[in-house]
Every structure is written in C-alpha cells, then in structure tokens.
Amino acid sequence: MISVTPILAFNDNYIWLIKSPDSRHCYVVDPGDAQPVIAYLTEHQLELTGILITHHHHDHTGGIAQLQQHFNQMLKVYGPASENIAGITDNITQATSAITLEGVNTPVAIFHLPGHTLGHIAYHIGSHLFCGDTLFSGGCGRLFEGTPEQMLSSLTLLAQLDGDTLVYPAHEYTLANLRFALTVDPSNIALQTYVQQAQQYRAVNRPTLPTTIAHEKAINPFLRADAPKIQQSLNKQFQQPIQDKTISFTLLRQWKDNF
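Every value quoted in this text rests on a predicted model; they were computed, and no experiment measured them. (Residues numbered from 1 in each chain as written. Predicted model: local features only at pLDDT ≥ 70, side-chain atom pairs only at ≥ 80, totals over all residues. Heavy atoms only, no water.)

Caption draft 1: Region of interest: the packing of helix α5 (residues 174-184) against helix α9 (residues 245-257). In contact at an axis separation of 11 Å, α5 and α9 are set at 125° when each is read in the N-to-C sense. In this view, α5 runs oblique relative to α9, as classed from their interaxial angle. Read as a crossing pair, α5 and α9 show a hand that is right-handed. Along the contact surface, α5 presents A176, N177, F180, T183 and V184, while α9 presents L252, W255 and K256. (Axes fitted to C-alpha atoms, helices over the stretch in contact; angles between N-to-C directions. Helix = DSSP H or I, 4+ residues; strand = E, 2+ residues; numbered from the N terminus. Parallel < 35°, antiparallel > 145°, perpendicular 65-115°, else oblique. Left-handed = near helix turned anticlockwise from the far one by under 90°. Contact = heavy atoms within 4.5 Å.)

Caption draft 2: Molecular detail of the pairing of strand β1 (residues 3-9). One ladder, built from seven bridges, connects β1 with strand β2 (residues 13-19); its direction is antiparallel. Each residue of the ladder has a partner; that of V4, found in β2, is I18. Taking the residues that link successive antiparallel strands as the turn, the β1-β2 hairpin has three residues, and the phi of F10 there is positive, at about 55°. (Pairing = 2+ DSSP bridges.)

Caption draft 3: Geometry of the layout of surface pockets. Reported here for the largest pocket is a volume of approximately 250 Å³. Of all the secondary-structure elements, those providing two or more residues to the lining of the largest pocket are β12 (139-140), α5 and α9. The class makeup of the residues in the lining of the largest pocket is six nonpolar, six polar and five charged. (1 Å grid on protein atoms, 1.4 Å probe; cavity = no way out; pocket = protein on both sides within 12 Å on 5 of 7 lines; lining within 4 Å. Points joined across faces, edges and corners; volume = space filled by probe spheres on them. Nonpolar A, V, L, I, M, F, W, Y, C, P; charged D, E, K, R; others polar.)

Caption draft 4: View of the pattern of salt bridges. Counted by the stated rule, this structure contains six salt bridges. Its salt-bridge partner being R142, residue D257 comes within 3.3 Å of it at the nearest N-O pair. Pair noted here: D257 is in helix α9 and R142 is in the loop between β12 and α4 (148-159), with a separation of 115 residues, a long-range link. The partner of D185 in a salt bridge is R224, and the shortest N-O contact between them spans 2.5 Å. A residue pair is termed long-range when its members are at least 10 positions apart, and D185 in the loop between α5 and α6 (189-203) and R224 in the loop between α7 (213-219) and α8 (228-238) qualify at 39 residues. D185 gets classed as buried once you look at its relative accessible area, which sits at 4%. One network of salt bridges, in which partners are shared, links R142, R253 and D257. (Salt bridge = Lys/Arg side-chain N within 4 Å of Asp/Glu carboxyl O. Buried < 20%, exposed > 50% of the residue type's maximum accessible area, 1.4 Å probe, protein only.)

Caption draft 5: Structural detail: the sheet that holds strand β6 (residues 90-92). Spatial ordering of the open sheet is given by β1-β2-β3-β4-β5-β6, a layout of six strands whose pairing is mixed. Since the sheet does not close on itself, it has two edges, and those belong to β1 and β6, each with one partner. Recorded for the sheet is a direction-independent mean angle of 25° between the axes of neighbouring strands. Against the sheet, helix α3 (residues 64-71) makes contact with β3 (25-29), β4 (47-52) and β5 (76-80), and its axis sits at roughly 155° relative to β4, the strand it touches most.

Encoded structure:
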C-alpha cells in the first residue's frame, strides 16, 4: 500500500508525493519546482528517497537539481533514457518494463507512452497510475513530438487497465477539458454530472484528481473516439466522413488544440 498526496506547483501542476504507511521516506513525481516539495517535506518531517520523471518538459523536471542539492547529491532520479534530462541517475530504456523502489513493497510497472513527447513514460504502482501529461481527466496531452497514432495507441494501452485504477495526471486541467468534452459529446449524462461535481470541487479549491480509468472511459472523448455521437459531432465540425477511430482521434485533437 502507498499513500499519495498532491503538492501544488505553479498555476496548475501537481507534484505527486508517494509514501508507504508508517514511513518517513517518500518519492515525488515530476517536481517542476523544488520549493513546494522542500516546504512540504520539512513541515511533515519526511525524507526524500527518490524522484520519478515522466518526460523532459521543464515544468516536470525543473526542481531536480535543487532537490538533489538540498537532500542528497546521490538521490535516485528515475526517468526516460531517450529524453535529455539533467540529473537522471537511473535511466529507463525502451526495454524496461518494471523497476523496484526502495521502501515501496509493490513492483513498479513502466508504460512507454509516446505522444505528448516521444519518450514519455508512466509509473504504475499497485492501483495507482502516474501518467504525467498523457491522460488527463476529460482530456489528453498535446502532441508536441508524437503522432496521433502514437497517442491513440498509448491511451488505448492505459484504457485496458483495471477500471478501478487511480489516475494521477500532472495538471489540474479538468474544467477546461470538460468544456470541450461537452461540446463534442453534449448528450453524455455521466459527463454532465461530472461537470457539476468538478465545478463544485474547484469552487472550494479541491483537486478533481485522482480520477479512475472507468470514469475516464465514460466521460473522456479521447478514450471514446469511436463513439457514434462523438463522430457525428466531428462530421458536423469538419464536414468530412469519419472513416475510423484514428481519423476521429486526430480530428478531436485538432479541434481541441484550437478550441
């Protein structure tokens, strides 16, 4: 078992803190900023054991050097070998399917998820998925480096996980994603209900995360690109036939980019 706590950074980043019960040792995922991590660990008298990085963007990696200096120069930092990330001590290659973390009894499965970036990875610890900028609640990451086909394949892989899997994206993008989702899937009752819940959460500054795989499969248009009503919306928006799921996903991402 692990506990997971969000540490807010910048405007909408979450740095996820992972800790085993009754332990002072912890890991953080994608620390773009060191200061909120240092403040939280100091307040709660915790010791940083390692860092998990999903991809190279600075808002996910910017705090590595300062955390290494503050806590331990030999601090273990896990991250994708194919992306140029300063401070990585333990490279995760394409051949890596799992790693072991000191103090975490559950094996950590590695998912390779090209799309947002080409080397993007996720960490699956028990029932917890730390997916960086691949899957968001109600949305998915922009395609800065990968292709629509790659991102669709990555999301399809995640959609096959157990429905109860808890999903920890790196950003609080939910309300913006849901505005788009309602535009393309307006008759989705589960989506309508979730919009109300998410608005209530954010009104009191409560995170909408984690979400679950089952929930996202019900409300997230990027996991439902083959749904007839979504394809009808795309046909109306782009005035072209939707021949398969890849075309549907590609047009969804294009629409969202300009929404």
